[in-house]
Amino acid sequence: MSLISQNALTKEVGKKKKREMVKDKIELVEEEVGDGDKTVVDPTRNNKRKKGRKEEDDEQLEIEEGKERKKLESFLFSNLYSPVGFGKDDEEEEAREEVDNNSALFFTDRSADSTLSVYEEDIESGDESADEQDNNERKPVWVDDEEKKTSINIAKINKLRKLRKGEDESVISGEAYESRLRAQHMKMNRGTDWARPNSQPVYSSEDDDSDKESGVVVASGYERPEYADDVLRSNEDLVLNRSVKLLPGLLEYSRLSDANMKDPSQGPINSVQFHKNAQLLLVGGLDRTLKFFQVDGKKNEMIQSIFLEDCPIRKAAFLPDGSQAIISGRRKFAYSFDLIKAQVDKIGPLAGRDEKSLESFEVSPDSKTIAFLGNEGCILLVSSKTKELIGTLKMNGSVRSVAFTNDGHQLLSSGGDGQIYHWDLRTRLCFHKGVDEGCLTGTALSVPPVGNLFAAGSDSGIVNIYNRDEFIGGKRKPIKVIENLTTKVDFMKFSPDAQILAISSRMKKNSMKLVHVPSLTVFSNWPPPNKAVHYPSCMDFSPHGGFMAVGNAAGKVLLYKLHHYNRA
């Protein structure tokens, strides 16, 4: 049978075939009865067409088998071994979507805010068809058939009586019992919206703007709730925290091993400070020993200790550049320790001054100037390089505390007259003086590393927080008054990002508070309830805020980890 006869349209159409030899070639002449048209075909060419058509059919069959194989693999293995690609044909995308829609991994909790859950409403109403429910909601992985057969008497058990809808109701089915439990859980725990894939949190425009300003970056694929299932298909972080704002109310922290556990001090701790590399911690106290610890939260190995025979340490601090440590006591002189050369040098007595004590000082942010508190309201400016007196500032009353601004060009001071002085260190003149509201004697000052605030503490335990520009401009009213301490404020410190302000008093046990600066509220869960802080005397935050060290009168340096910060 020839190729033409195989492709004939109908059996009723008669055909007349003739063979003719023309110039050594065979031609097949097909003459149809109705029309009389002729079709001339070369047999060799027909064989080639037949062979090519057969190859095309085989290729098409292989393609279809490949598609079926891929569809079956994706159904069985849930696309775990197929990489994510772009530009696929429509059939592959439709097959993948069909598989994804039918392969649910979790049971979706769609409980509403009301006491009646969505599941219970669906059971009672029964209006929606099964197809519509499959389209709107994923199927559970496993369903217990025994729930339909189980009956629970909720009137017999006291804890379950709250699940009743009426006083006469007693026995309910297992399905109704489950749905009511879910509804009760959602009623008592409304903060679990993150667990529902289709939930969309509502944010105000202010929150959106604040998130953009704070640098919150949402990982790709999670900006839209319909992509919530992708959380199981990627090892990418859900949220990349860069400078996220700290929330008020409760502070998340955990207690670590004491920073000086390898060598506890024999006397009260008066100074703790982190080095700028965040691993080296300086500890000094009345035992006349300056110690350096490598802080990791677990072992906290001691690196070096320096014994100063003639100087019980009242204060010790690193220069901001990390090259030296300044040590002072109730003496006419002080010491500087060179961390590179491991050499101790003496500072003072200062020429032309008769101060009997240089125990209090502050270091400028540029590491160039050390401000010692002198007699009769004098502030002694000493060069950190030459260790010589380079200038003197004079207050009206006695000076009790000083603080440099974050740019190092100005100095704030307070003392016995209850006023706050602002000094320009370039001209060494006082350009502003204002009364600290409600203060008789100022005892502590603190300026954050960033921002335009400052805090002033007094001997009555009151801490006033001011805006520096407004205070200099004439508005003397503090933006917040902290009244949580009842004894003299001895120490105040802002965190590196200025979101936390620590205030303490060494005159009362456990007298330490942490203030959430953006909201100007106190964290309610600090200090710990077991009075582990003892009598706090000093504290410091690590350069990135992850660690908080607290020194107390018992000779211990308590170390805490603040969970909000990712780095120490």
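Anything mentioned here points back to the structure above.
The following refers to the structure shown.

Rules of the game
All residue numbers refer to positions counted from 1 along the written sequence of the respective chain. Whole-chain, interface and lining totals are the exception, using all residues; otherwise, since this is a predicted model, local features are given only for residues with pLDDT of at least 70 and side-chain atom pairs are given and counted only at 80 or more. Think of the side-chain values as coming from all heavy atoms in the structure, minus any hydrogens and water. In DSSP terms, a helix is any run of H or I states spanning at least four residues, a strand is any run of E spanning at least two, and both are numbered starting from the N terminus. Relative accessible area decides the class of each residue, using a 1.4 Å probe on protein chains only: under 20% of the type maximum gives buried, over 50% gives exposed, and in between gives partly exposed. Note on contacts: a residue pair is in contact if any heavy atoms of the two residues lie within 4.5 Å. Note on areas: Shrake-Rupley, 1.4 Å probe, and residue coverage restricted to the protein chains presented here. Should DSSP find at least two bridges between two strands, the strands are regarded as paired. Note on terminology: a nonpolar core comprises buried Ala, Val, Leu, Ile, Met, Phe, Trp, Tyr and Cys residues joined through side-chain atoms within 4.5 Å.

Concerning the overall build of the protein chain
When its secondary structure is counted, the protein chain shows nine helices and 35 strands. Across the 568 residues of the protein chain, 37% fall into the buried class. Look at the contacts in the protein chain between residues 6 or more apart in sequence, and 46% of them connect residues 24 or more apart. Surface accessibility of the protein chain: about 33600 Å² in total, with carbon and sulfur atoms responsible for 49%.

Re unusual backbone geometry
In the segment running from Gly 348 into Pro 349, the intervening peptide bond is cis, with an omega of 0°. In this fold, Pro 349 is placed in the loop between strand E16 (343-347) and strand E17 (361-363). Residue Pro 527 is reached from Trp 526 by a cis peptide bond, and omega for that bond is 5°. Within the secondary structure layout, Pro 527 lies in the loop between strand E32 (521-522) and strand E33 (536-541). In the Ramachandran plot, Glu 376 falls in the positive-phi region, its phi being about 55° despite a non-glycine side chain. Its identity as a non-glycine residue notwithstanding, Ala 498 has a phi of 60°, on the positive side.

Here we look at the pairing of strand E18 (residues 369-373)
Counted residue by residue, E18 has five buried out of five residues, so it is predominantly covered. In terms of strand pairing, E17 meets E18 through three bridges, oriented antiparallel. Looking across to E18, one finds that Glu 362 is bridged to Ala 371. Here E17 folds back onto E18, and the loop between the two strands holds five residues, one of which, Ser 367, carries a positive phi near 65°. Pairing of E18 with strand E19 (residues 378-383) involves five bridges; the strand directions are antiparallel. Its bridge partner being in E19, Thr 369 is matched across the sheet by Ser 383. The turn joining E18 and E19, which pair antiparallel and follow one another in sequence, is formed by four residues; a positive phi near 55° is taken by Glu 376.

Comments concerning the nonpolar core
In this structure, Ile 500, Met 512, Leu 514, Met 548 and Val 550 are the most contacted members of the largest nonpolar core, which totals 17 residues. Residue assignment for this core shows that the elements contributing at least two residues are strand E30 (500-504), strand E31 (512-516), E33, strand E34 (547-552) and strand E35 (557-562). Broken down by element, the residue count for this core peaks at three residues, all from E35. For Val 550, the contacting residues outside a window of four places in its chain are Met 512, Val 533, Pro 536, Cys 538, Met 539, Lys 556, Val 557, Leu 558 and Tyr 560.

Scope: geometric values only; no functional claims are made or implied.
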